[in-house]
Amino acid sequence: AVERTLSIIKPDAVARNAIGEILARFERSGLRVVAARMVQMSTEQAESFYAVHRERPFFNDLVGFMTSGPVLVQVLEGEDAIRKNREIMGETNPKEAAAGTLRHDFAESIDANAVHGSDSPETAEREIDFFFKADEIFSR
Ligand code: CMP
């Protein structure tokens, strides 16, 4: 089915000038960018976006990292978009990410891991609503 997913190009990948290459990989795989905006998240925003991880030991580092510089938030649309985006990204830990995946090619550590992508349809809906209003999404 055609789905939408939220993608974030994280501060490390923005800093290494990789926005274009990452978007090109999404596009080459058949995903379409139907919304996009550059933002520097506040601490409150990052804590709220990642609230599901609040009790995890890495939570403070995660919030610190995600607020350390601008990110590119996007909505990707396409057939099986949630799973397809996760395949393109690779494993969360770049040390475990397969060759040719974004995290293998662009990420340095499990914290600075280049990209975020929604992990389920329910999460995708919540995460898209978190960043975008309906009239900011330009579906085909
Ligand atoms: P992301 O997909 O943005 O979702 C939560 C982030 O927490 C994850 O990518 C990682 O960058 C970061 N993180 C740090 N340590 C861990 C861990 N042990 N397990 C999962 N995510 C982690």
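Residues numbered from 1 in each chain as written. Predicted model: local features only at pLDDT ≥ 70, side-chain atom pairs only at ≥ 80, totals over all residues. Heavy atoms only, no water.

Per an unreviewed UniProt entry, the chain is named Nucleoside diphosphate kinase, and its organism is Halorhodospira neutriphila. Taken from UniProt, the Cofactor (unreviewed entry) comment for the chain reads in full: "Mg(2+)". UniProt, in the comment section headed Function (unreviewed entry), describes the chain in these words: "Major role in the synthesis of nucleoside triphosphates other than ATP. The ATP gamma phosphate is transferred to the NDP beta phosphate via a ping-pong mechanism, using a phosphorylated active-site intermediate." (UniProt positions renumbered as here; feature names shortened; annotations may be inferred.)

For the rest of this paragraph, the subject is the environment of Ala35. Among the secondary structure elements, Ala35 is positioned in strand 2 (residues 32–39). By relative accessible area, Ala35 is classed as buried at 5%. Distance from Ala35 to Gly78, taken between C-alpha atoms, is 13 Å for residues 43 residues apart in sequence. Contacts of Ala35, omitting those with residues within four sequence positions, involve Val73, Gln74, Val75, Phe132, Glu136 and Ile137. (Helix = DSSP H or I, 4+ residues; strand = E, 2+ residues; numbered from the N terminus. Buried < 20%, exposed > 50% of the residue type's maximum accessible area, 1.4 Å probe, protein only. Contact = heavy atoms within 4.5 Å.)

This brings us to the pairing of strand 3 (residues 71–79). Two faces make up the sheet, and in a regular strand the side chains alternate between them. Counting buried residues in strand 3 gives eight out of nine residues, a clear majority hidden from the surface. As judged from the eight bridges shared by strand 1 (residues 2–9) and strand 3, these two strands associate in the antiparallel manner. Counterpart to Arg4 in the pairing with strand 3 is Glu77. Both strand 2 and strand 3 contribute to a ladder of seven bridges, which runs antiparallel. (Pairing = 2+ DSSP bridges.)

The environment of the ligand is formed by Lys10, Tyr50, His53, Arg56, Phe58, Leu62, Thr92, Arg103, Ile110, Asp111, Asn113 and His116. Measuring from an oxygen atom of the ligand, one finds a backbone N or O atom of Ile110 at 2.6 Å. For the ligand, an oxygen atom lies 3.0 Å from a polar atom in the side chain of His116. Considered on its own, the ligand offers 450 Å² of accessible surface; in the complex 79% of this is hidden by protein. Given that more than half its atoms are within 2 Å of the pocket grid, the ligand belongs to the largest pocket. Looking at side-chain class alone, the shell around the ligand contains four nonpolar, four polar and four charged residues. (Near = heavy atom within 4 Å. Polar contact = N/O pair within 3.5 Å; in protein donor to acceptor, adjacent residues only side chain to side chain. Areas by Shrake-Rupley, 256 points an atom, 1.4 Å probe, with all protein chains shown as cover. 1 Å grid on protein atoms, 1.4 Å probe; cavity = no way out; pocket = protein on both sides within 12 Å on 5 of 7 lines; lining within 4 Å. Sits in = over half its atoms within 2 Å of the grid points. Nonpolar A, V, L, I, M, F, W, Y, C, P; charged D, E, K, R; others polar.)

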